[in-house]
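# Summary of structural features
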Amino acid sequence: MEIRQAEFVTSLAAYTEAPPITLPQLAVLGRSNVGKSSLINALCNRKKLCKTSSTPGKTRLINIFLINGAFHLVDLPGFGFAKVNRAEKQRWGGMMETYFAQSTLLVHALQLVDIRHEPTNDDIAMNQ
């Protein structure tokens, strides 16, 4: 599939399927700093569609992108290592749990794992 059009739709601190989130979704998930946002930028051939950083924990909200006017690409916060406090990590975990529990539009989840390291317990748990 050729991505001809990619645009930012919204960022959500709490997931809802209210407009403008009404199309099938492909979610990108993985540990903090594994390259989720960079992958989205590369797939969409856009350098700054998603904000990236060398510091883990840049993505702090559920970011929704419209692809070819046909589906939503969902950039989720990372799990595991990030330079944020425990309460923030727990908030991200709750945000993702709610997303997976409530999204009736999710058709695929793509989990990125850093090949340079063995999968962590968090990686394994997210894959179940």
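What comes next is a walk through the structure. Along each chain, residue indices are assigned from 1 in the same order as the chain's sequence is written. Totals for whole chains, interfaces and linings use all residues, but because this is a predicted model, local features are given only for residues with pLDDT of at least 70 and pairs of side-chain atoms are given and counted only at 80 or more. To obtain the side-chain values, all non-hydrogen atoms of the structure were included, while hydrogens and water were left out.

### Quick notes on the packing of aromatic side chains
Heads up, the rule is: For Phe, Tyr and Trp, rings pair up if their centres lie within 6.5 Å, where Trp contributes its six-membered ring, and each pair is then called stacked (planes under 30 degrees apart), edge-to-face (over 60) or tilted (otherwise). Helix and strand definitions follow DSSP, with helices as H or I runs of at least four residues and strands as E runs of at least two, each counted in order from the N terminus. Residue exposure (1.4 Å probe, protein chains only): buried if accessible area is under 20% of the type maximum, exposed if over 50%, otherwise partly exposed.
A full pass over the atoms with the stated rule returns three aromatic pairs. Each ring, one from tyrosine 15 and one from tyrosine 99, has its centre 4.8 Å from the other, and the planes form 90 degrees; the classification is edge-to-face. Of this pair, tyrosine 15 sits in the loop between strand E1 (6-12) and strand E2 (25-30) while tyrosine 99 sits in helix H2 (residues 86-102), placing them 84 residues apart in sequence. Take tyrosine 15: its relative accessible area is 5%, and that puts it in the buried class. Of the residues examined, tyrosine 99 reaches a relative accessible area of 0% and is grouped as buried. Judged by centre distance (5.3 Å) and plane angle (65 degrees), the ring pair of tyrosine 99 and phenylalanine 100 falls under edge-to-face. Pairwise contacts between aromatic rings join Tyr15, Tyr99 and Phe100 into one cluster.

### Here we look at the pattern of salt bridges
We count it as follows: A pair is scored as a salt bridge if a Lys or Arg side-chain nitrogen falls within 4 Å of a carboxyl oxygen belonging to Asp or Glu.
What the rule picks out here adds up to one salt bridge. Its salt-bridge partner being aspartate 114, residue arginine 116 comes within 2.6 Å of it at the nearest N-O pair. The exposure class assigned to arginine 116 is exposed, which follows from its relative accessible area of 67%.

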